Amino acid sequence: MTRRKAQSLSVSDRAEIIRRCEFGLNIADDAVQSLAAAAEVNDYRRRRFIYRTGDPADALYAIARGRVKLSLIEEGTGREAVIDIIGAGALFGESALYTTGEREKCAVAYENVRLLRFPIDAFRQAMGASKELYDYTFRLIGQRLMQAERRMADFALDAVQERLEKLLHELSKRYGRQAEEGILIDITLPHRELASIVGSTRESVTVRLNAMRRAGIIDIVDRKIVLKQPLVNSSRLMS
């Protein structure tokens, strides 16, 4: 079946996408319809910027399909710190709710993606009309703040090996599916992306992944990681 173009999606189509998103599961139909009427549908090809640092913080986005990378890119050097990679059903760009002015982070299509874009005024209006949407968004902001604080603590307290293991464990919970040899993390993760997330170098991450592979803890299948053993104390197993 051919996929419909973004421009051809009706308000009803947009409403159905919202209902499939995590934030849309429990909100009333009038709030869904309000958001659907205000939303724009946009397709982005892989590696295209959705917004950059310095762009106006004037909208939130929901992922209808594909995955999006959130990152900080250092001005001048172009060095990137990956904050997260989020998938279908997720909401992002929520900083527009609590800041006025410009984006601090970048959002990039990690794969070909389809997004719903909600102008900030329309989203605020929907939050005011729906306690469920208000509560969900408030929790989302809190969860992402806790995630950032936890990662900062990991950088201060953990060695690279431990940070890498924690990341693989987290990704297995979010993107894992049962495979013949273990849990397949069903997302392509170049070593440079993993290195950026854990605050290391591509070379160091490659060395550690190779060691985990030799120890029988992971395997690589079609550029995706399979967890063959639990990651608890796996660094000890490789000593």
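Predicted model, so just to flag it, every value in this text is computed and none were measured.

Positionally, glutamate 102 belongs in the loop between strand S6 (91–92) and strand S7 (106–109). The exposure class assigned to glutamate 102 is exposed, which follows from its relative accessible area of 53%. Sequence separation between glutamate 102 and phenylalanine 92 is ten residues; the distance between their C-alpha atoms is 15 Å. Not counting residues up to four positions away in its chain, the partners in contact with glutamate 102 are Gly54, Asp55 and Ala57.

A few words on the side chain of lysine 69. Relative to the helices and strands, lysine 69 resides in strand S4 (residues 68–73). At a separation of 3.2 Å, a polar atom in the side chain of lysine 69 contacts the side chain of glutamate 80. Apart from the residues lying within four places of it in its own chain, the contact partners of lysine 69 are Glu80, Val82, Asp84, Ile85, Cys106, Ala107, Val108, Tyr110 and Glu193.

Right, let's talk about the pattern of salt bridges for a bit. For the coordinates displayed, the defined rule picks out 21 salt bridges. The closest approach of N and O atoms between glutamate 16 and arginine 19, which form a salt bridge, is 3.9 Å. A residue pair is termed a helical-turn pair when its members lie 3 or 4 positions apart in one helix, as glutamate 16 and arginine 19 do in helix H1 (residues 11–20) at three residues. Relative accessible area serves as the criterion here: at 30%, arginine 19 is assigned to the partly exposed category. For arginine 151, the salt bridge identified is with glutamate 170, shortest N-O distance 3.8 Å. Of this pair, arginine 151 sits in helix H4 (residues 131–157) while glutamate 170 sits in helix H5 (residues 160–175), and the two are 19 residues apart along the sequence. The exposure class assigned to glutamate 170 is partly exposed, which follows from its relative accessible area of 23%. Bridged by salt links that share partners, the residues Glu16, Arg19, Arg20 and Asp29 form one connected network.

A word on helix H3 (residues 120–129). Among the residues of H3, those classed as buried are Ile120, Ala122, Phe123, Ala126 and Met127. All buried residues of H3 fall inside an arc of 165° around its axis, so they share one side. When the buried face of H3 is taken as reference, the exposed residues oriented beyond 90 degrees from it are Asp121, Gln125, Gly128 and Ala129. Looking at the buried positions of H3, the neighbouring elements they touch are helix H2 (29–38), strand S3 (59–65), S6, strand S8 (113–119) and H4.

Judged by how many residues are buried, S3 sits mostly within the fold: five of seven residues are covered. Sheet topology note: the S3/S8 ladder contains six bridges and is antiparallel. Counted as the bridge partner of arginine 65 is arginine 114 from S8. As defined by bridge partners, S3 adjoins S6 across two bridges and the pair is classed as antiparallel. What sits directly across from alanine 62, in S6, is leucine 91.

What follows deals with the environment of arginine 47. Structurally, the position occupied by arginine 47 is in the loop between strand S1 (40–44) and strand S2 (49–51). On the basis of relative accessible area, arginine 47 is assigned to the exposed category, the value being 54%. Taking the C-alpha atoms as reference, arginine 47 lies 15 Å from arginine 65; in sequence the two are 18 residues apart. If near-sequence neighbours (up to four positions away) are discounted, arginine 47 is found in contact with Val108, Ala109 and Arg192.

A word on the nonpolar core. In terms of nonpolar packing, the biggest core is built from 28 residues, with Phe23, Leu35, Leu91, Phe118 and Phe123 touching the most fellow members. Counting residues per element, the ones that place at least two in this core are H1, H2, S3, S8, H3 and H4. With 23 residues, the next largest nonpolar core counts Leu164, Leu167, Ala195 and Ile218 among its residues.

We now examine unusual backbone geometry. Within the chain, arginine 47 stands out as a residue other than glycine whose phi angle is a positive 75°. Its identity is not glycine, yet aspartate 222 carries a phi of approximately 50°, on the positive side. In this fold, aspartate 222 is placed in the loop between strand S11 (218–221) and strand S12 (224–227). Given a relative accessible area of 68%, aspartate 222 falls into the exposed group.

What follows concerns the sheet that holds strand S9 (residues 176–178). Spatial strand order, S9-S10-S12-S11: four strands in an open sheet with antiparallel pairing. At either margin of the open sheet sits one strand with a lone partner, and together these are S9 and S11. Sheet twist, expressed as the mean angle between neighbouring strand axes with direction ignored, is 30°. Both S9 and strand S10 (residues 183–185) contribute to a ladder of three bridges, which runs antiparallel. Within the sheet, the bridge partner assigned to arginine 177 lies in S10 and is leucine 184. Those strands touched by helix H7 (residues 202–214) are S11 and S12, and its axis lies near 105° from that of S11.

Rules used in this analysis
- Residues numbered from 1 in each chain as written.
- Predicted model: local features only at pLDDT ≥ 70, side-chain atom pairs only at ≥ 80, totals over all residues.
- Heavy atoms only, no water.
- Helix = DSSP H or I, 4+ residues; strand = E, 2+ residues; numbered from the N terminus.
- Buried < 20%, exposed > 50% of the residue type's maximum accessible area, 1.4 Å probe, protein only.
- Contact = heavy atoms within 4.5 Å.
- Polar contact = N/O pair within 3.5 Å; in protein donor to acceptor, adjacent residues only side chain to side chain.
- Salt bridge = Lys/Arg side-chain N within 4 Å of Asp/Glu carboxyl O.
- Arc of directions from axis to C-beta.
- Pairing = 2+ DSSP bridges.
- Core = buried A, V, L, I, M, F, W, Y, C linked by side-chain atoms within 4.5 Å.
- Axes fitted to C-alpha atoms, helices over the stretch in contact; angles between N-to-C directions.

By themselves, these observations are geometric and do not establish any function.
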